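Chain residues, written in single-letter form:
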Amino acid sequence: MRILVLGGTVFLSAAVAAEAVERGHEVTCAARGSSGEPPAGTTFVRVDRDDPDGLAPLAGREFDAVVDVARLPSQVRQAVDTLADGVRHWTFVSSISVYSDNSTPGQNPHTGPVHAPLSADADERDVENYGPAKVSCEQAVLAALGDRANVVRAGLIVGPGDGSDRFTYWPVRLARGGEVLAPGAPEEPVQVVDVRDLAAWIVRSAETGVVGVFDATGPAVGRGELLDRVAAGVGAEPKLTWVDQEFLEAQEVNPWAGPRSLPAWLPLPEYAGMLDHDVSATLAAGLAVRDLAQTARDTLAWARESGRDKTDPADLHAGLTAAEEADVLAAWHRR
Ligand SMILES: NC(=O)c1ccc[n+]([C@@H]2O[C@H](COP(=O)([O-])OP(=O)(O)OC[C@H]3O[C@@H](n4cnc5c(N)ncnc54)[C@H](OP(=O)(O)O)[C@@H]3O)[C@@H](O)[C@H]2O)c1
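Residues numbered from 1 in each chain as written. Predicted model: local features only at pLDDT ≥ 70, side-chain atom pairs only at ≥ 80, totals over all residues. Heavy atoms only, no water.

Q: Which residues make up the side chain of R223, and what values do they have?
A: Here R223 lies in helix α6 (residues 223–234). Looking at R223, the relative accessible area reads 3%, which means it is buried. In this structure the side chain of R223 is engaged in a polar contact, spanning 2.7 Å, whose partner is the side chain of E188. Leaving out residues up to four positions away in the same chain, R223 has contacts with P183, G184, A185, P186, E188, V190, W242, A264, W265 and L266. (Helix = DSSP H or I, 4+ residues; strand = E, 2+ residues; numbered from the N terminus. Buried < 20%, exposed > 50% of the residue type's maximum accessible area, 1.4 Å probe, protein only. Polar contact = N/O pair within 3.5 Å; in protein donor to acceptor, adjacent residues only side chain to side chain. Contact = heavy atoms within 4.5 Å.)

Right under this line is the structure:
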């Protein structure tokens, strides 16, 4: 197939392009080239979608399938206007951030309410508007492509190349050894998807014509199981000390990401549904997930190759520094 990846220079879209090449497709990546290099074996077309006429270099080109990861409705409208005619299959990578209810576990695209689409006068680049903007993007794709569209609402995407540190913290931390501060409780559900598994499903779905709206993440597992698999993957036997939410909040430890944070941890009950979606339909539609131990092992290898494991966590996008973790643990033991 002739596959166009709108993106292809970083993380998921690069993994999609690499997977498509691997599977023998003729792959074009279209981006500015400022996030990185497209994978070997692809053809690169330089475009800037901030320019209203920025997709002109692709006008008139024919593709069997398009994969788009954009987050700005204006860019998505421009893409469907320029390219939708004649395309057999269109994947739009959306996000579980489209859901307006983060507290109810077990939601899926048929049951979960979504945000209202972004109003025309809203700032579509404001990160606060990410969810509503993705709703607008989905609507633009579905209006133009209808039953040729696969809307992929990704959950937390993890693995080699993840610059967000929202999972990488754990392989790096467990590999360092010693007493490890584990947030919340071991049975609290968490859900992630390996970037390579998601990419493989996106490409196979384009090949076979999977269409619809899917929550694209792995099955929920307890945080304790997640950390056990990470430990197995990096060859660690950590001593986990589980510290409850109230204590962590009192210690000003932030959930999820950012400075002084613990990744893969969200406040309950407000976020009890965010990492506990019902993904049975997605698994039935072919998403195959690898053992999290393998994800952890490969993520640690990537972190080491890229020097991320040596970077002071204060300079990363998520996690506690060793000193911050030791202080919180000491306070926990003193309580
Ligand atoms: N990471 C997660 O955990 C997570 C969770 C849920 C959903 N998602 C979704 O998953 C997708 C991730 O995509 P990704 O990993 O490939 O990362 P991304 O950062 O969303 O990639 C954006 C791609 O678009 C290109 N791009 C950005 N601005 C452009 C412009 N003005 N003109 C042309 N190209 C432009 C970038 O390349 P250049 O900069 O080189 O132009 C890059 O290749 C996104 O849709 C995101 O919303 C992510």
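Back to the write-up after that little detour.
Q: Tell me what's going on with the site of the ligand, and back it up with residues and numbers.
A: Surrounding the ligand, one finds 29 residues, the nearest of these being S13, S35, V69, R71 and Y130. Here K134 contributes a side-chain N or O atom positioned 2.9 Å from an oxygen atom of the ligand. Put simply, the parts of the chain that give the shell around the ligand at least two residues each are α1 (11–22), β5 (89–95), α3 (130–145) and β7 (156–158). (Near = heavy atom within 4 Å.)

Q: Give me the lowdown on a negative patch on the surface, citing residues and values where you can.
A: Residues D244, E246, E249 and E270 make up a contiguous surface patch of negative charge. Checked against the element boundaries, E246 lands in helix α7 (residues 245–250). (Patch = residues over 30% accessible without salt bridge, like charges linked within 9 Å, V, L, I, M, F, W, Y side chains within 5 Å. Areas by Shrake-Rupley, 256 points an atom, 1.4 Å probe, with all protein chains shown as cover. Salt bridge = Lys/Arg side-chain N within 4 Å of Asp/Glu carboxyl O. Lys, Arg positive; Asp, Glu negative; His and termini not counted. Charge placed at Lys NZ, Arg CZ, Asp CG, Glu CD.)

Q: Run through α1, naming residues and quoting values.
A: A rise of 1.5 Å per residue sets the reference length of α1, with its 12 residues, at 16 Å; its end C-alpha atoms lie 16 Å apart and thus fit the reference within 8%. Within the span of α1, buried status applies to L12, S13, A14, A15, V16, A17 and A20. As for α1, its buried residues are in contact with β1 (2–6), β2 (26–31), β4 (65–68), β5, β7 and α5 (195–208). Note on α1: the residue one or two positions beyond its end, G24, has a positive phi of about 90°. (Expected span 1.5 Å × (residues − 1).)

Q: Provide a residue-level description of the UniProt feature "domain: NAD-dependent epimerase/dehydratase" (unreviewed entry) in the chain, including the pertinent values.
A: Mapped onto this numbering, the UniProt entry annotates "domain: NAD-dependent epimerase/dehydratase" (unreviewed entry) at residues 3–208. In this annotation, residues 3–208 is assigned 30% helix and 21% strand; the end-to-end C-alpha distance for the span is 13 Å. (UniProt positions renumbered as here; feature names shortened; annotations may be inferred.)

Q: Give me the lowdown on the layout of surface pockets, citing residues and values where you can.
A: In this model, the second largest pocket occupies a volume close to 270 Å³. Lining the second largest pocket are 18 residues, with V172, R173, R176, R308 and D309 sitting closest to its centre. Going through the elements one at a time, α4 (169–176) and α9 (292–305) are the ones with two or more residues in the lining of the second largest pocket. The biggest single contributor to the lining of the second largest pocket is α4, with five residues. Here the residues of the lining of the second largest pocket sort into nine nonpolar, two polar and seven charged. (1 Å grid on protein atoms, 1.4 Å probe; cavity = no way out; pocket = protein on both sides within 12 Å on 5 of 7 lines; lining within 4 Å. Points joined across faces, edges and corners; volume = space filled by probe spheres on them. Nonpolar A, V, L, I, M, F, W, Y, C, P; charged D, E, K, R; others polar.)

Q: Residues and numbers for the sheet that holds strand β6 (residues 149–154), please.
A: One open sheet holds the seven strands; their spatial order is β3-β2-β1-β4-β5-β6-β11, and the pairing between them is parallel. Among the strands making up the open sheet, the edge pair consists of β3 (43–46) and β11 (212–216). On average, adjacent strands in this sheet sit at an angle of 20° to one another, irrespective of strand direction. As judged from the four bridges shared by β2 and β3, these two strands associate in the parallel manner. The residue of β3 that forms the bridge with A30 is V45. (Pairing = 2+ DSSP bridges. Axes fitted to C-alpha atoms, helices over the stretch in contact; angles between N-to-C directions.)

Q: How would you sum up empty space enclosed by the protein? Please name residues and give values.
A: Scanning the entire structure with this criterion turns up one cavity of 30 Å³ or more. Taken as a whole, the largest cavity spans an internal volume of roughly 90 Å³. Forming the walls of the largest cavity are E188, P189, V190, R223, L266, L268, Y271, A272 and L275. Grouping the constituent residues of the lining of the largest cavity by class yields seven nonpolar, no polar and two charged.

Q: Report on the pattern of salt bridges, specifying residues and quantitative values.
A: Tallied over the full model, the rule gives 16 salt bridges. Put simply, R308 and D165 hold a salt bridge, and the shortest N to O gap is 2.7 Å. Remark: D165 occurs in the loop between β7 and α4 and R308 occurs in the loop between α9 and α10 (322–334); sequence separation between them is 143 residues. A single network of salt bridges, built from pairs that share partners, joins D194, R196, D197, R290 and D298.

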